[in-house]
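Residue strings, one per chain:
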Amino acid sequence: MMTLEQLGQRHSVRSFSPEPLPDSILRSLKAEITDINTHEAGMHFQLVVNDDSAFRGFRKSYGFFSNPRNYIAAVVDKSYPCTLRKAGYFAEQLVMKSVELGLGTCFVGGTFDAASVPVQIRADWKILFVVLLGYAEKDKKRAMDRIITKIIHRKEPDWKAFYVDKGISLDEALIKQPALETALKALLTAPSALNKRPVRLTLDSDNKIVAFLPESAKDREIDLGIAIWNLEAAVGDVLRFPHDECEETYQPAEHQ
Ligand SMILES: Cc1cc2nc3c(=O)[nH]c(=O)nc-3n(C[C@H](O)[C@H](O)[C@H](O)COP(=O)(O)O)c2cc1C
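1. Notes on the sheet that holds strand β2 (residues 70–77)
Thought 1: Spatially, β1-β2-β4-β3 is the arrangement adopted by the 4 strands of the open sheet, whose pairing is antiparallel. Of all the strands in the sheet, just β1 (46–48) and β3 (104–108) have a single pairing partner and so form its edges. Ignoring which end each strand starts from, the neighbouring axes of this sheet average 25° apart.
Thought 2: Sheet topology note: the β2/strand β4 (residues 125–134) ladder contains 8 bridges and is antiparallel. By the bridge assignment for β4, Val 76 is matched with Lys 126.

This is the structure:
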């Protein structure tokens, strides 16, 4: 379990120091990645160290990163079900592990050259996104980094807006399930593509919190998986979430 404060420690970092990652950190990350790949069908996360070739062509876009040299590639075998959601979920686990190890992170959906990512890809495997890792460049927070953060974080939304009344009003739901407030606040700590925050929560008749994507955002399965990890970390088993039921279609890795 994690507190809201721990979850809130993560913020996207887009400027990294050139300092190489120490072996002890690389070992911890590799161990966590191997554990996920061994136990979770269809997951083939791979760590790329000291190689920026996938980012060389994207200097002037949304993905304007400084020193993007270390990252985890979210490689999945798309012949397995629910791989978008699972990749989001386990990537967020790796992100929070990285934060615990003192690293800054940033999910990158489209602004990298998938053909230049030096990882093993077999038939049916696909790189869904990558997660940049590294020490945040603290002193020289670049102008571009500040601008992106400002555009994306125009206003922190109200946690109450993420509840959907499906027969139980928010006021009633907060009495029936006191962990709902923490869950709604935990949702706000989860990263999402373009900060669109598509995931919503509701309460079912057993007072379990249910996370879902509304009709207008059915393709945001990666964001749903990420949010579920944060929700489980914050409220544990009062969350009802069927990990193995999903409707998903593959989205090309475009600008996310
Ligand atoms: C699936 C996914 C793809 C993303 N792609 C990019 C990207 O291409 N470039 C970028 O700068 N940030 C990207 N982000 C980071 C989001 O913009 C960021 O998480 C969001 O604005 C919330 O900010 P925070 O992470 O600081 O809380 C992505 C996030 C997710 C979850």
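Now that the structure has been shown, we can carry on.
2. A look at helix α2 (residues 23–39)
In an α-helix there are 3.6 residues to a turn, and that puts residues three or four apart on one side.
Thought 1: Its 17 residues place the ends of α2 24 Å apart at the C-alpha level, agreeing with the 24 Å of an ideal helix rising 1.5 Å per residue.
Thought 2: Turning to α2, its buried residues are Ile 25, Leu 26, Leu 29, Glu 32, Ile 33 and Ile 36. Burial along α2 is one-sided: seen end-on, the buried residues are contained in an arc of 135°. Pointing more than 90 degrees away from the buried face of α2 are the exposed residues Asp 23, Arg 27, Thr 38 and His 39.
Thought 3: Packed against the buried residues of α2 are β1, β2, α3 (83–100) and β4.

3. Concerning unusual backbone geometry
Thought 1: In the Ramachandran plot, Cys 82 falls in the positive-phi region, its phi being about 60° despite a non-glycine side chain.
Thought 2: For Cys 82, the location among the structural elements is in the loop between β2 and α3.
Thought 3: One non-glycine residue, Asn 207, lies in positive phi territory at about 60°.
Thought 4: Tracing the chain through its elements places Asn 207 in the loop between β5 (200–203) and β6 (209–212).

4. Things to note about the environment of Ala 123
Thought 1: Checked against the element boundaries, Ala 123 lands in the loop between β3 and β4.
Thought 2: Take Ala 123: its relative accessible area is 70%, and that puts it in the exposed class.
Thought 3: Put simply, Ala 123 and Ser 79 are 44 residues apart on the chain and 9.7 Å apart in space, counted from C-alpha to C-alpha.

5. Here we look at empty space enclosed by the protein
Thought 1: This structure, assessed with the given rule, holds 2 cavities of 30 Å³ or more.
Thought 2: Volume-wise, the largest cavity comes out at about 70 Å³.
Thought 3: Around the largest cavity, the lining residues are Phe 162, Leu 187, Ala 190, Pro 191, Ser 192, Arg 197, Pro 198, Val 199, Asp 223 and Ala 227.
Thought 4: The residue makeup of the lining of the largest cavity, split by class, is 7 nonpolar, 1 polar and 2 charged.

6. Description of the pairing of β2
Every other side chain in a regular strand lies on the same face of the sheet, so the side chains alternate between the two faces.
Thought 1: In terms of residue burial, β2 counts as a mostly covered element, since 8 of its 8 residues are buried.
Thought 2: What you see with β2 is no split at all: Asn 70, Ile 72, Ala 74 and Val 76 on one side and Tyr 71, Ala 73, Val 75 and Asp 77 on the other are buried throughout.

7. A look at the pattern of salt bridges
Any two side chains of opposite charge can pair, so long as their charged atoms come close to each other.
Thought 1: One pass over the structure, following the stated rule, counts 11 salt bridges.
Thought 2: Glu 40 is the partner of Lys 86 in a salt bridge, and the nearest nitrogen-oxygen pair spans 3.8 Å. Within this pair, whereas Lys 86 is found in helix α3, its partner Glu 40 is found in the loop between α2 and β1, the two being separated by 46 residues in sequence.
Thought 3: Owing to a relative accessible area of 15%, Lys 86 belongs among the buried residues under this scheme.
Thought 4: The partner of Asp 219 in a salt bridge is Arg 220, and the shortest N-O contact between them spans 3.7 Å.
Thought 5: Judged by its relative accessible area of 33%, Asp 219 falls in the partly exposed class.
Thought 6: Accessibility expressed as a relative area gives 24% for Arg 220, which makes it partly exposed.

Reading guide: rules and limits
Residues numbered from 1 in each chain as written. Predicted model: local features only at pLDDT ≥ 70, side-chain atom pairs only at ≥ 80, totals over all residues. Heavy atoms only, no water. Pairing = 2+ DSSP bridges. Helix = DSSP H or I, 4+ residues; strand = E, 2+ residues; numbered from the N terminus. Axes fitted to C-alpha atoms, helices over the stretch in contact; angles between N-to-C directions. Expected span 1.5 Å × (residues − 1). Buried < 20%, exposed > 50% of the residue type's maximum accessible area, 1.4 Å probe, protein only. Arc of directions from axis to C-beta. Contact = heavy atoms within 4.5 Å. 1 Å grid on protein atoms, 1.4 Å probe; cavity = no way out; pocket = protein on both sides within 12 Å on 5 of 7 lines; lining within 4 Å. Points joined across faces, edges and corners; volume = space filled by probe spheres on them. Nonpolar A, V, L, I, M, F, W, Y, C, P; charged D, E, K, R; others polar. Salt bridge = Lys/Arg side-chain N within 4 Å of Asp/Glu carboxyl O.

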